[in-house]
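Architecture at a glance
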There are 4 protein chains.
Amino acid sequence: MTIRTTVWGENVHEQTNEIVRSIYPDGMHATIASAIAADPTVAVSTVTLQDPEHGLTEEKLAATDVLVWWGHQAHGEVDDAVVERVARRVFEGMGLIVLHSGHFSKIFKRLMGTPCALKWREAGERERLWVINRNHPIAAGLPEYFELENEEMYGEPFSVPEPMETVFVSWFQGGEVFRSGLCYKRGAGNVFYFRPGHETYPTYHDPNVRRVLLNAVKWAYNPAAAWIGIHDAPNVPTETAPEKIEERGPKLHAPGEAGYR
Amino acid sequence: MTIRTTVWGENVHEQTNEIVRSIYPDGMHATIASAIAADPTVAVSTVTLQDPEHGLTEEKLAATDVLVWWGHQAHGEVDDAVVERVARRVFEGMGLIVLHSGHFSKIFKRLMGTPCALKWREAGERERLWVINRNHPIAAGLPEYFELENEEMYGEPFSVPEPMETVFVSWFQGGEVFRSGLCYKRGAGNVFYFRPGHETYPTYHDPNVRRVLLNAVKWAYNPAAAWIGIHDAPNVPTETAPEKIEERGPKLHAPGEAGYR
Amino acid sequence: MTIRTTVWGENVHEQTNEIVRSIYPDGMHATIASAIAADPTVAVSTVTLQDPEHGLTEEKLAATDVLVWWGHQAHGEVDDAVVERVARRVFEGMGLIVLHSGHFSKIFKRLMGTPCALKWREAGERERLWVINRNHPIAAGLPEYFELENEEMYGEPFSVPEPMETVFVSWFQGGEVFRSGLCYKRGAGNVFYFRPGHETYPTYHDPNVRRVLLNAVKWAYNPAAAWIGIHDAPNVPTETAPEKIEERGPKLHAPGEAGYR
Amino acid sequence: MTIRTTVWGENVHEQTNEIVRSIYPDGMHATIASAIAADPTVAVSTVTLQDPEHGLTEEKLAATDVLVWWGHQAHGEVDDAVVERVARRVFEGMGLIVLHSGHFSKIFKRLMGTPCALKWREAGERERLWVINRNHPIAAGLPEYFELENEEMYGEPFSVPEPMETVFVSWFQGGEVFRSGLCYKRGAGNVFYFRPGHETYPTYHDPNVRRVLLNAVKWAYNPAAAWIGIHDAPNVPTETAPEKIEERGPKLHAPGEAGYR
């Protein structure tokens with residue numbers, strides 16, 4: 001078993017902002033990927049917004065078990081058709097890890113079905129992430145809490161659906177709280193949102209954050225074969241019903257006709 | 001308190017199909033509305049696909065507490081901008097009841113974030129809806145189960161997110177099952193999906209179905225003032241943080257600048 | 001409609017501790033009850049641990065729509081039979097509001113099925129409760145957050161099942177966080193856990209806390225008739241099955257025999 | 001990695017009923033265990049009600065990663081202290097698979113916190129289990145549905161809390177439905193309820209049922225170290241708070257004193 005993981009990076013601030021470049025000289029996606037590559041069961045590659053089709057071709061997605069997403073400034077530049085393609089692969093079983101400012105990415109909003117809005121403040125304050133679900137696979141190897149001395153604040157309310165499980169809740173020095181690790185399932189795909197990762201701080205160099213990245217990839221991995229049929233609404237002809245029945249009453253559809261979409 | 005309810009009808013098959021017209025001479029929306037209008041606390045109106053902006057103008061939605069949706073053949077003709085407008089009102093607190101073939105409506109797929117696909121068969125078979133959540137408000141006044149002698153079959157898997165609560169599960173004569181009454185919350189809005197209602201059968205004349213329609217409207221009603229701010233991601237300036245802090249470290253944003261979307 | 005509410009008070013520290021008595025001279029239950037009594041749709045009474053059967057006789061519970069519970073020092077003195085009686089009424093539809101140290105009450109542990117443990121510190125520190133579910137009925141009329149200048153700290157992990165909905169998350173001055181308002185359903189009964197209320201501070205005199213108490217009672221109220229049958233496992237004789245079937249194969253039970261429990 | 005699995009069998013009807021003995025000559029627990037033993041990553045043993053401490057000593061539970069439970073006639077004979085011991089191990093991370101009539105076992109009711117009641121009929125009718133969560137690990141390798149030609153009927157409402165995930169829903173020939181595969185989490189422990197398995201039918205010899213048993217054990221396995229501390233409510237002294245604070249206001253507890261339980 002190898003978990004084929006693709007890290008998607010927006011790769012804009014790394015090119016345009018001195019601070020970000022100094023922290024992530026090879027791009028944030030490279031640093032994120034290196035955290036995941038630490039494990040022998042994972043094979044990691046990176047793609048960026050600037051690649052053709054943002055690097056997310058049909059072929060690439062078909063060969064991806066888990067996709068990790070970091071974007072911020074250029075959410076609007078991601079092609080809608082690519083977003084829909086990614087969503088389809090999630091429904092079929094690809095895992096998705098959405099990081100930090102990715103809360104406003106098209107793909108996250110597409111899958112949540114809600115605004116995904118929140119409060120924010122860029123003051124370099126202390127964030128303390130509490131593990132509230134201690135034996136969850138995503139918390140493996142973590143202490144009861146860990147701190148990031150400088151982070152952007154994200155504050156509640158975070159307008160997402162009530163999650164399947166909550167793994168982390170953050171405390172901020174300035175007085176706010178945030179549900180920082182949220183698990184969802186969309187079709188056959190496991191989705192995890194992880195809060196930390198503002199680009200002007202060295203968050204993705206932090207050992208605990210890196211452990212979460214790897215844990216999350218492993219958790220999100222669904223070894224089942226892709227659920228290709230999830231997009232279809234198949235007609236079950238009367239003669240193949242599990243129980244023998246006879247047709248009755250008026251009909252709208254001719255035999256073999258597809259349903260309306 | 002009056003629950004201002006708007007019933008949205010696609011109103012296509014009623015115009016083009018003799019069978020449907022004979023069962024619903026005034027349109028399905030009219031029959032659905034009459035079930036809800038039975039209660040003195042509800043004020044009902046109807047709009048249709050053919051109305052300007054499909055009847056769902058900003059003004060109409062602002063004056064709607066609960067929206068009931070029946071569509072089938074013409075999902076694709078609903079304007080994307082109107083869909084987004086409806087979604088925003090749901091996030092702010094408008095209730096939404098989605099009926100039967102509305103599982104494939106743009107608005108339901110928008111809010112679920114999943115394919116919302118299912119199996120189907122049009123054989124006029126018997127459906128039996130079991131109340132699995134007996135004291136749920138949507139089940140008020142119902143027996144332990146009720147039957148529809150002729151209905152279209154919808155079969156699992158129904159590719160929607162795991163619901164907040166399941167109220168009904170259906171048994172079909174041909175051998176399938178279906179989760180027929182599902183509760184969700186999206187932002188401040190309560191969303192209920194209710195399965196029955198194929199247009200070639202007199203389902204919306206059935207007393208139990210009509211009771212569910214009214215119960216669902218009452219359940220979905222959120223008396224709180226609209227949560228207008230749910231779409232925003234406000235910056236909290238350092239000087240207004242709940243706890244006094246000092247800014248530290250490098251910044252991406254200039255003071256007062258909006259976040260990226 | 002009148003919501004018949006019973007406030008249960010342990011009433012021990014009010015009798016034995018000077019500080020508690022000075023804050024709650026008539027007992028904490030009296031102060032809690034006065035918050036709820038403010039609404040014309042609610043009729044409130046109080047009972048205490050010291051009453052015969054702790055005030056929770058069959059008759060009293062049958063006449064109670066919502067029960068509010070505050071206990072701390074004397075959890076172990078609550079009779080197991082009374083706990084089971086209360087649990088049965090919750091399953092049948094009585095609402096239950098569990099306050100603060102009630103997290104370790106027998107009735108809360110009985111309904112959660114988990115340890116319900118947490119961290120704590122009695123340092124009179126500041127607690128800030130964030131409303132993360134803004135238009136939830138329990139948050140009606142509240143600001144985006146409210147503060148209690150002196151409270152006991154409760155810290156995560158709080159070992160309860162993942163809730164149906166989370167309404168509040170608390171920030172503590174000493175650095176911890178806590179999910180402070182959690183909604184559950186047990187049978188037909190709505191259950192709400194609300195964190196604040198350490199007896200050496202005047203928490204139940206706080207206007208926002210008092211508003212939550214009243215809101216919670218209204219939310220927990222289930223107007224449906226008691227679901228008496230929820231405790232039973234009725235046999236459905238073959239001749240009364242919804243669909244006509246014939247018995248086949250070997251049987252364990254004689255006709256009319258009850259199942260094993 | 002080896003998943004140490006213990007199958008607990010009541011082992012009463014196998015001794016007292018000719019039909020049951022003829023189907024399960026070595027006991028139902030032996031047949032159940034043989035389904036799980038098929039996998040090289042699992043090590044299986046069996047214990048029964050008749051063993052000292054029902055075979056569930058502290059040592060045995062400490063060496064058990066997943067416990068499988070089948071009981072029916074003798075639920076009342078299971079010692080309360082053993083039930084509590086099992087519950088504690090579940091909270092610490094042991095997986096638990098509860099089968100069929102185990103819905104009324106003390107351990108399942110203890111963990112659910114609800115009556116766990118349902119309808120039933122012993123008529124040897126056909127059950128069809130629909131996989132509604134196709135790529136869930138517990139459904140690995142299954143067709144879209146599978147049938148048991150002769151089973152006892154269990155009908156809704158099943159008075160359990162809304163599950164974290166629903167994997168199977170059953171159709172019964174006599175007209176009922178049932179949520180037949182339900183996932184829960186209690187503390188660090190994964191809990192799965194699986195409906196089929198009436199003792200007068202050869203259900204645990206069915207290949208699909210056997211596949212579910214093995215899949216469920218693998219799903220329930222939590223490789224994390226036991227969460228021993230989940231039962232405790234530790235005091236966090238002011239001087240060790242994550243953020244420096246000073247004690248204020250009146251106190252109930254002396255330094256170092258344990259909290260009330």
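Structure report, in brief. Quick caveat: nothing in here was measured; it's all calculated off a predicted structure. (Residues numbered from 1 in each chain as written. Chains lettered and ligands numbered in written order. Predicted model: local features only at pLDDT ≥ 70, side-chain atom pairs only at ≥ 80, totals over all residues. Heavy atoms only, no water.)

Observations regarding the interface of chain B and chain A
If you look at the interface, chain B gives 71 residues, while chain A gives 71 residues. Both faces combined, the contact of chain B with chain A buries some 5600 Å², and carbon together with sulfur accounts for 61% of it. Of all residues in chain B, the largest losses of buried area upon contact with chain A belong to Trp120(B), Arg248(B) and Tyr260(B), amounting jointly to 14% of the total for that side. Where chain B meets chain A, there are two salt bridges. Here Arg248(B) makes a salt bridge to Glu149(A), at a shortest N to O gap of 2.9 Å. For the pair chain B and chain A, the number of links is 22 residue pairs in polar contact (both at pLDDT 80 or more). Mapped by element, the contributors of at least two residues to the side of chain B that touches chain A are helix H2 (18-23), helix H6 (106-112), strand E5 (119-131) and strand E6 (145-155) of chain B. It is E5(B) that contributes the most residues to the side of chain B that touches chain A, eight residues altogether. (Contact = heavy atoms within 4.5 Å. Buried area = accessible area lost by both parts, 1.4 Å probe. Salt bridge = Lys/Arg side-chain N within 4 Å of Asp/Glu carboxyl O. Polar contact = N/O pair within 3.5 Å; in protein donor to acceptor, adjacent residues only side chain to side chain. Helix = DSSP H or I, 4+ residues; strand = E, 2+ residues; numbered from the N terminus.)

What to know about the relation of the copies chain B and chain A
Its rotation angle being 180°, the transformation that places chain B on chain A also includes 0.0 Å of axial translation and leaves an RMSD of 0.0 Å. Taken together, the rotation angle and the small translation identify this as a two-fold axis. Judged by C-alpha distance, Gly113(B) is the residue of chain B that lies nearest the rotation axis, at 2.4 Å. Looking at chain B, 100% of its interface residues are interface residues in chain A too, so the copies touch through the same face. (Least-squares fit on C-alpha atoms with pLDDT ≥ 70 in both.)

Structural notes on the pairing of strand E4 (residues 95-99) of chain B
All names here are of chain B. With respect to burial, E4 is a largely interior element, five of its five residues being buried. By the alternation rule, side chains of E4 split into Gly95, Ile97 and Leu99 and Leu96 and Val98, which are all buried. Looking at chain direction, strand E3 (residues 66-70) and E4 are connected through four bridges and run parallel. Along E4, the bridge assignment pairs leucine 67 with leucine 96. Read as a crossover between parallel neighbours, the route from E3 over helix H5 (residues 80-92) to E4 is right-handed. With four bridges connecting them, E4 and strand E9 (residues 189-194) associate as parallel partners. By the bridge assignment, isoleucine 97 is partnered in E9 with phenylalanine 192. (Buried < 20%, exposed > 50% of the residue type's maximum accessible area, 1.4 Å probe, protein only. Pairing = 2+ DSSP bridges. Right-handed = clockwise from strand over helix to strand, strands pointing away.)

Brief notes about the pattern of salt bridges
Taken as a whole and judged by the stated rule, the model has 84 salt bridges over all chains. For Glu18(B), the salt bridge goes to Arg21(B), with nearest N and O atoms at 2.8 Å. With a gap of three residues between them, Glu18(B) and Arg21(B) both fall in helix H2, about one helical turn apart. A residue is classified by how much of its surface remains accessible, and Glu18(B), at 55% relative accessible area, is exposed. Between Arg126(C) and Glu149(C) there is a salt bridge, with the nearest N and O atoms lying 2.9 Å from each other. Of the two residues, Arg126(C) is situated in strand E5 (residues 119-131) and Glu149(C) in strand E6 (residues 145-155); the sequence distance between them amounts to 23 residues. Salt bridges linked by common partners bring Arg126(A), Arg128(A), Glu147(A), Glu149(A), Arg248(B) and Glu243(D) together as one network.

Overview of the interface of chain D and chain C
On the side of chain C, 71 residues touch chain D, which itself brings 71 residues to the contact. Interface of chain D and chain C: buried area, both sides summed, is about 5600 Å²; carbon and sulfur atoms make up 61% of it. When the buried surface of chain D facing chain C is broken down by residue, Trp120(D), Arg248(D) and Tyr260(D) rank first, second and third, together holding 14% of it. Here chain D is connected to chain C by two salt bridges. Counting across the interface, chain D meets chain C through 22 residue pairs in polar contact (both at pLDDT 80 or more). For the side of chain D that touches chain C, the secondary structure elements donating two or more residues are helix H2 (18-23), helix H6 (106-112), strand E5 (119-131) and strand E6 (145-155) of chain D. For the side of chain D that touches chain C, the element with the most residues is E5(D), which contributes eight residues. Among the residues forming the side of chain D that touches chain C, the class breakdown is 29 nonpolar, 22 polar and 20 charged. (Nonpolar A, V, L, I, M, F, W, Y, C, P; charged D, E, K, R; others polar.)

That is the geometry; function is a separate question.
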